[in-house]
Amino acid sequence: MTDDERNPMQAELDDALAQRNAIRRELGDLRAWLCRELGILRQEPGPQGLTVLSVAPDKEIVAAVARLRAEIDALKQPSDGTDPRWSQIDYLILEGRRIQALQRIRDEFGGGIHDALDLLNHRCIRLHQDRLIT
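Calculation rules
Residues numbered from 1 in each chain as written. Predicted model: local features only at pLDDT ≥ 70, side-chain atom pairs only at ≥ 80, totals over all residues. Heavy atoms only, no water. Helix = DSSP H or I, 4+ residues; strand = E, 2+ residues; numbered from the N terminus. Expected span 1.5 Å × (residues − 1). Buried < 20%, exposed > 50% of the residue type's maximum accessible area, 1.4 Å probe, protein only. Core = buried A, V, L, I, M, F, W, Y, C linked by side-chain atoms within 4.5 Å. Contact = heavy atoms within 4.5 Å. Axes fitted to C-alpha atoms, helices over the stretch in contact; angles between N-to-C directions. Parallel < 35°, antiparallel > 145°, perpendicular 65-115°, else oblique. Nonpolar A, V, L, I, M, F, W, Y, C, P; charged D, E, K, R; others polar. Salt bridge = Lys/Arg side-chain N within 4 Å of Asp/Glu carboxyl O.

S.K.: Please clarify how helix α5 (residues 113-129) should be interpreted in this entry.
M.R.: Counting along an α-helix, one turn takes 3.6 residues, and residues three or four places apart therefore face a common direction. For α5, which comprises 17 residues, the first-to-last C-alpha distance of 24 Å matches the rise-based estimate of 24 Å (1.5 Å per residue) to within 8%. Looking only at α5, the buried set comprises A116, L120, H122, R123, C124 and L127.

The structure is reproduced here in structure tokens:
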């Protein structure tokens, strides 16, 4: 292999390594930002009494995002069922008449089909958790 052939190969390899390193830096920045925003940035004692900040492992970040998602889903769920509008919707769901329940949700609460589907799915999950649906 001549020097002329090696130089383009080396240049291509150098470019690939530079791209990889840039992606690693971006990923590190993203991890640090996620840890800060999720409140899981670790503080550990460092040398000479300094505090060292370090990011949590990926599994911990994913678990924190999953917990946050569960909290958001819980907030989306309708109230505890004391709203009289839900009793008729619950009856339709329990009877297996989901299309009618979907229409009733849109009539009672407004919004588009996607919002109504989300409410219907959350209500079905809630009824299932309450063991009213098997």
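S.K.: Teacher, can you tell me more about unusual backbone geometry here?
M.R.: Peptide bonds are, in most cases, trans, and in most cases residues other than glycine have a negative phi. In the Ramachandran plot, Q48 falls in the positive-phi region, its phi being about 55° despite a non-glycine side chain. The residue Q48 is located in the loop between β1 (42-45) and β2 (51-54) in this model.

S.K.: Please clarify how the nonpolar core should be interpreted in this entry.
M.R.: General note: in soluble globular proteins, nonpolar side chains tend to be found buried as a group. Ranked by size, the top nonpolar core spans 11 residues in total: W86, I89, L92, I93, A101, L102, I105, A116, L120, C124 and L127. Looking at this core, the elements with two or more residues in it are α3 (84-94), α4 (98-109) and α5. Residues within four places of I89 in sequence aside, it is in contact with A101, R104, I105, E108 and F109. If you look at the next biggest cluster of nonpolar residues, it comprises five residues, including C35, I40, A56 and I61.

S.K.: Can you help me understand the packing of α3 against α5 in this one?
M.R.: When two helices pack together, their arrangement is given by the angle between the helix axes and the distance between those axes. Direction vectors running N to C along α3 and α5 enclose 75°, while the axes themselves pass 11 Å from each other. Overall, the two elements α3 and α5 adopt an arrangement that is roughly perpendicular. In this structure, α3 contributes W86, D90 and I93 to the contact, and α5 contributes L119, L120, R123, C124 and L127. Residues that form the contact of α3 with α5 fall into these classes: six nonpolar, no polar and two charged.

S.K.: Would you take a moment to explain the pattern of salt bridges for this structure?
M.R.: Close approach of charged atoms allows side chains of opposite charge to pair. This model, assessed by the stated rule, comprises five salt bridges. Ionic pairing is found between R31 and D58, a salt bridge with its closest N-O pair at 2.7 Å. With R31 in helix α1 (residues 3-38) and D58 in helix α2 (residues 58-76), this residue pair connects regions lying 27 residues apart in the sequence. You can call D58 partly exposed: its relative accessible area is 41%. The salt bridge partner of R104 is E108, with a shortest N-O separation of 3.6 Å. Of this pair, R104 and E108 both sit in helix α4, four residues apart, which is roughly one turn of that helix. Classification of E108 as partly exposed rests on a relative accessible area of 28%.

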